[in-house]
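Chain by chain, the residues:
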Amino acid sequence: MRDEVDRLVDAWRGERPDLDVAPLHVLSRVSRLARHLDRARRAAFSRHDLENWEFDVLTALRRAGAPYRLTPGRLLRATLVTSGTMTNRIDRLAGRGLVRRLPDPADRRGVLVELTPEGRARVDAAFVDLLRRERELLAGLSGGDQRELARLLRTILGPMDEAAP
């Protein structure tokens, strides 16, 4: 079975036979898959009136476990954004009633960001939809193939994630 990436690689081989375009076989497919995943995520989240970035912040809080609180610094590390961006995101989520700020009892100058019951309900429902859509994307792979693909991707991503700021 040929796909769009095969056609792209063939075209580059014809235009630039002097280059080894083999990485395109893997990484162009990963890039295209990322676009399909982004569409699936947007569709899952829009049903729950959430943007991708909102889901990222809310799930970081949800994964923290009860009482679903994190410092802004921990949220920064979980979502890989700048402090200014995180402040803006927390403000917007608080304005929508999905999170609230609380004083940090461990640091008189600090705050904690807490998931509200509405935020928890919304992120839980969106997560269920996301998992359904992601299962659909992977339906062509057996469970063993999915585990093998996850292992291979981990091999590539692990060093990149370790080097990330």
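- An unreviewed UniProt entry annotates the protein as MarR family transcriptional regulator originating from Allonocardiopsis opalescens.

### Examining the sheet that holds strand β3 (residues 107-115)
- Spatially, three strands are ordered β1-β3-β2 in an open sheet, and the strand pairing comes out antiparallel. Whereas interior strands pair on both sides, the edge strands pair on one side only; in this sheet they are β1 (69-70) and β2 (99-104).
- Looking at chain direction, β1 and β3 are connected through two bridges and run antiparallel. Bridge pairing in β3 links Leu-70 to Val-113.
- The sheet strands contacting helix α3 (residues 52-63) are β1, β2 and β3, and the helix crosses β3 at an angle near 100°.
- Across the sheet, helix α5 (residues 83-95) is in contact with β2 and β3; its angle to β2 comes to roughly 115°.

### Some remarks on the packing of aromatic side chains
- This model, assessed by the stated rule, comprises two aromatic pairs.
- Ring-pair connections join several aromatic residues into one group, and the members of that group are Phe-45, Phe-55 and Phe-127.

### Notes on the side chain of Thr-59
- Tracing the backbone through its elements, the reader meets Thr-59 in helix α3.
- There is a polar contact of 3.1 Å between the side chain of Thr-59 and the backbone oxygen of Asp-56.

### Side note on the environment of Ala-94
- Along the polypeptide, Ala-94 turns up in helix α5.
- According to the relative accessible area criterion, Ala-94 is partly exposed, its value standing at 28%.
- Between the C-alpha atoms of Ala-94 and Glu-114, which are 20 residues apart in sequence, the distance is 9.4 Å.
- Other than its neighbours up to four places away in sequence, Ala-94 contacts Val-99 and Arg-101.

Reading the values: rules and limits
Once a new chain begins, its residue numbering starts again from 1 and follows that chain's sequence as written. Since the coordinates come from a predicted model, pLDDT governs what is reported: local features require at least 70, and pairs of side-chain atoms require 80 or more to be given and counted, while whole-chain, interface and lining totals use all residues. The basis for the side-chain values is all heavy atoms of the structure; hydrogens and waters are excluded. Whether two strands pair comes down to DSSP finding at least two bridges between them. Each helix corresponds to a stretch of at least 4 residues labelled H or I by DSSP, and each strand to a stretch of at least 2 residues labelled E; elements are numbered beginning at the N terminus. For this analysis, residues touch if any pair of their heavy atoms sits within 4.5 Å. A fitted line through C-alpha atoms serves as each axis, taken over the contacting stretch for helices, and the angle formed by two N-to-C directions is quoted from 0 to 180°. Any pair of Phe, Tyr and Trp rings, taking the six-membered ring for Trp, is counted once the centres come within 6.5 Å. Such a pair is stacked with planes under 30 degrees apart, edge-to-face with planes over 60 apart, and tilted for the rest. In the analysis that follows, any N or O atom pair within 3.5 Å is treated as a polar contact, provided that within protein one partner can donate a hydrogen and the other can accept it, and provided that, for residues neighboring in sequence, both atoms belong to side chains. The rule is simple: take the accessible area with a 1.4 Å probe, protein chains only, and divide by the maximum for that residue type; under 20% is buried, over 50% is exposed, in between is partly exposed.

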